[in-house]
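Chains, contacts and geometry: an overview
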There are 2 protein chains.
Amino acid sequence: MNIRTDSREKMIKAASRLFQMQGYHATGLNEILKKSDAPKGSLYYYFPKGKEELALAAIGLASDIIQSKIRASLSVYADPILAIQNVIRDMEKAIKKDGKLENVSLSLLSLETYLSSETLREACRKSFIELEKIYAEKLRESGIFPQSAQNLGMVIQAMIEGAITISITKKDTTTLAAVAEQIAVIIKPYKTT
Amino acid sequence: MNIRTDSREKMIKAASRLFQMQGYHATGLNEILKKSDAPKGSLYYYFPKGKEELALAAIGLASDIIQSKIRASLSVYADPILAIQNVIRDMEKAIKKDGKLENVSLSLLSLETYLSSETLREACRKSFIELEKIYAEKLRESGIFPQSAQNLGMVIQAMIEGAITISITKKDTTTLAAVAEQIAVIIKPYKTT
């Protein structure tokens, strides 16, 4: 990685972290530059369109990390119920550890920007759909029909997304735990084995 | 209602609307004053602690409206499955109508403030718990055991909250519809009649 790419990556990393924690509107470009140790002029060099363009890259990075974390948690079990409960358990651990939402959920960024930026809304939309697909794929692998798997994937993603928001607000993960328990109830009727 | 109370109410209404739509950080006090037609000096007269105090009142107002909307939708059916599906259908209609989230969800305000304001986090926490209780009460009324009703209330609230965030991001309410369908699946095992 050369110095130029390095500066760009550092800015995206810092932006992703700050946008996810504090929010898009609460985070200024100066703060991102400061945290990323990047030279002052470099922001508009790499991101000529400014904050929105940087946020697009930041959402892309966060989305990739969230996806790979979920895939890793899912891969521990072949059984989709155990696998998805494992994803939720790992999220509970992450939230309990630092009480923050870095690389766990894009809900904040999405809700902050869906009305004001089509570009960022679209990036969040794609990310949500990717997660639904990851759950649906796991369900299909266990023999659940594609249409059922797709619907269940959508519901599972919604349950988890909502439970994350509520758990972080409550500073307690009982909602995530209650959702994990119901995962078994909603998947069982569709299981073939 | 006298003029003084009226100014205060107008400010809270305008703040509630703007905070829910644009977010807490994206909304300035001047914008709230402008939208509420309140005299410039009146903000710190009614809310000496400023933005946070106004936001606390705004969250209280939004929370009351959300609760009464949900109670009204629930009251249409005695059967808890049909009643909760009716709540979701009404939310789908609201989202389809204007593609915005006024008096539908506190997720944005909660995610924006949980790290920076204990006062606002606590207000959002209480509101989330109230909604869980409303669903749980409906389930208990149909004969479901209190402990099961409480857990299901928590899960239903999470599913709906997550589905709202995703639906508004997708500009399509299929996630809410998929959640409505699964409501039947998760409640049925606990139903006594």
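What you see is a predicted model; the values in this text were computed from it and never measured.

**Notes on the overall build of chain A**
- Looking only at helices and strands, chain A has nine helices and zero strands in total.
- Listing every helix and strand of chain A by position from the N terminus yields α-α-α-α-α-α-α-α-α.
- In terms of C-alpha radius of gyration, chain A reaches 18 Å, essentially the compact-globule figure of 16 Å for 193 residues.
- For chain A, the spread of C-alpha atoms along the principal axes amounts to about 60 × 35 × 35 Å.
- Out of the 193 residues in chain A, the part that is buried amounts to 55%.
- Long-range contacts, defined as pairs at least 24 residues apart, comprise 68% of the intrachain contacts of chain A with a sequence gap of at least 6.
- Working note: accessible area of chain A is about 8,400 Å², and carbon and sulfur atoms make up 53% of it.
- A gap of 3 Å separates the mean positions of the 27 positive and 22 negative side-chain charges of chain A.

**Side note on the packing of aromatic side chains**
- In this structure the tally under the stated criterion is four aromatic pairs over all chains.
- Plain terms: the ring middles of tyrosine 45 of chain A and tyrosine 46 of chain A are 4.9 Å apart, the flat faces sit at 80 degrees to each other, and that makes the pair edge-to-face.
- Ring centres of phenylalanine 19 of chain B and tyrosine 24 of chain B lie 5.2 Å apart, and the angle between their planes is 55 degrees; on these two criteria the pair is classed as tilted. For the pair phenylalanine 19 of chain B and tyrosine 24 of chain B, a shared accessibility class is recorded, and that class is buried.

**Description of the interface of chain A and chain B**
- The interface of chain A with chain B comprises 46 residues on the first partner and 46 residues on the second.
- The contact between chain A and chain B buries some 3,900 Å² in all, and 71% of this surface belongs to carbon and sulfur atoms.
- When the buried surface of chain A facing chain B is broken down by residue, Leu111, Tyr114 and Thr169 of chain A rank first, second and third, together holding 17% of it.
- The tally of links between chain A and chain B comes to four salt bridges.
- In this structure, lysine 171 of chain A engages glutamate 118 of chain B in a salt bridge whose closest nitrogen and oxygen atoms are separated by 3.2 Å.

**Here's the deal with the environment of threonine 175 of chain A**
- Relative to the helices and strands, threonine 175 of chain A resides in helix α9 (residues 174-187).
- With a relative accessible area of 0%, threonine 175 of chain A lands in the buried category.
- Threonine 175 of chain A sits 81 residues away from alanine 94 of chain A along the chain, and the two C-alpha atoms are 15 Å apart.
- When sequence neighbours within four positions are dropped, the list of residues in contact with threonine 175 of chain A reads Ala163, Ile166, Ser167 and Lys170 of chain A together with Glu132, Met154 and Ala158 of chain B.
- Looking at threonine 175 of chain A, its side chain comes within polar contact range of the side chain of lysine 170 of chain A, at 3.0 Å.

**Section: a nonpolar patch on the surface**
- Judged by side-chain polarity, Val76, Tyr77 and Leu82 of chain A come together as a nonpolar surface patch covering roughly 260 Å² of accessible area.
- On the secondary structure map, valine 76 of chain A appears in the loop between α4 (51-74) and α5 (80-98).

**Here we look at the pattern of salt bridges**
- A full pass over the atoms with the stated rule returns 22 salt bridges over all chains.
- Note that arginine 8 of chain B and glutamate 9 of chain B form a salt bridge whose closest N and O atoms lie 3.7 Å from each other.
- The exposure class of glutamate 9 of chain B is partly exposed, given its relative accessible area of 29%.
- A single salt-bridge network, built from bridges that share partners, covers Glu118 and Arg121 of chain A together with Lys171 of chain B.

**Thoughts on the packing of α4 of chain A against α5 of chain A**
All names here are of chain A.
- Closest axis-to-axis distance for the α4/α5 pair is 8 Å, and the angle between their directions is 125 degrees. On the basis of their axis angle, the class for α4 and α5 is oblique. Along this stretch, α4 crosses α5, giving a crossing that reads as right-handed. Facing Ile70, Ser73 and Leu74 of α4, the residues of α5 in contact are Ala83, Ile84, Asn86, Val87, Asp90 and Met91.
- Of the residues assigned to the contact of α4 with α5, the class counts are six nonpolar, two polar and one charged.

**Side note on the confidence of the model for chain A**
- Residues at a pLDDT of 70 or more form 97% of chain A, whose mean pLDDT is 94.
- Prediction confidence for the complex, expressed as pTM and ipTM, is 0.96 and 0.95 respectively.

**So, the UniProt feature "DNA-binding region" (unreviewed entry) in chain A**
- Here, UniProt's "DNA-binding region" (unreviewed entry) annotation points to residues 28-47 of chain A.
- For residues 28-47 of chain A, the end-to-end C-alpha separation is 14 Å, with 65% helix and 0% strand making up the annotated structure.

**Description of the UniProt feature "domain: HTH tetR-type" (unreviewed entry) in chain A**
- Those places that UniProt annotates as "domain: HTH tetR-type" (unreviewed entry) correspond, in this numbering, to residues 5-65 of chain A.
- Across residues 5-65 of chain A one finds 75% helix and 0% strand; the C-alpha atoms that close the span lie 19 Å apart.

**Structural notes on the nonpolar core**
- Core analysis: the biggest nonpolar cluster contains 133 residues, and Ile84 and Ile156 of chain A together with Ile84, Tyr135 and Ile156 of chain B have the highest contact counts within it.
- Among all residues touching isoleucine 84 of chain B, those that are not within four sequence positions of it are Leu74, Tyr135, Leu139, Ile156, Ile160, Ile183 and Ile187 of chain B.

Calculation rules
Residues numbered from 1 in each chain as written. Chains lettered and ligands numbered in written order. Predicted model: local features only at pLDDT ≥ 70, side-chain atom pairs only at ≥ 80, totals over all residues. Heavy atoms only, no water. Helix = DSSP H or I, 4+ residues; strand = E, 2+ residues; numbered from the N terminus. Rg over C-alpha atoms; globule rule 2.2 N^0.38 Å. Buried < 20%, exposed > 50% of the residue type's maximum accessible area, 1.4 Å probe, protein only. Contact = heavy atoms within 4.5 Å. Areas by Shrake-Rupley, 256 points an atom, 1.4 Å probe, with all protein chains shown as cover. Lys, Arg positive; Asp, Glu negative; His and termini not counted. Charge placed at Lys NZ, Arg CZ, Asp CG, Glu CD. Phe/Tyr/Trp six-rings, centres within 6.5 Å; stacked < 30°, edge-to-face > 60°. Buried area = accessible area lost by both parts, 1.4 Å probe. Salt bridge = Lys/Arg side-chain N within 4 Å of Asp/Glu carboxyl O. Polar contact = N/O pair within 3.5 Å; in protein donor to acceptor, adjacent residues only side chain to side chain. Patch = residues over 30% accessible without salt bridge, like charges linked within 9 Å, V, L, I, M, F, W, Y side chains within 5 Å. Axes fitted to C-alpha atoms, helices over the stretch in contact; angles between N-to-C directions. Parallel < 35°, antiparallel > 145°, perpendicular 65-115°, else oblique. Left-handed = near helix turned anticlockwise from the far one by under 90°. Nonpolar A, V, L, I, M, F, W, Y, C, P; charged D, E, K, R; others polar. pLDDT = per-residue confidence, 0-100. UniProt positions renumbered as here; feature names shortened; annotations may be inferred. Core = buried A, V, L, I, M, F, W, Y, C linked by side-chain atoms within 4.5 Å.

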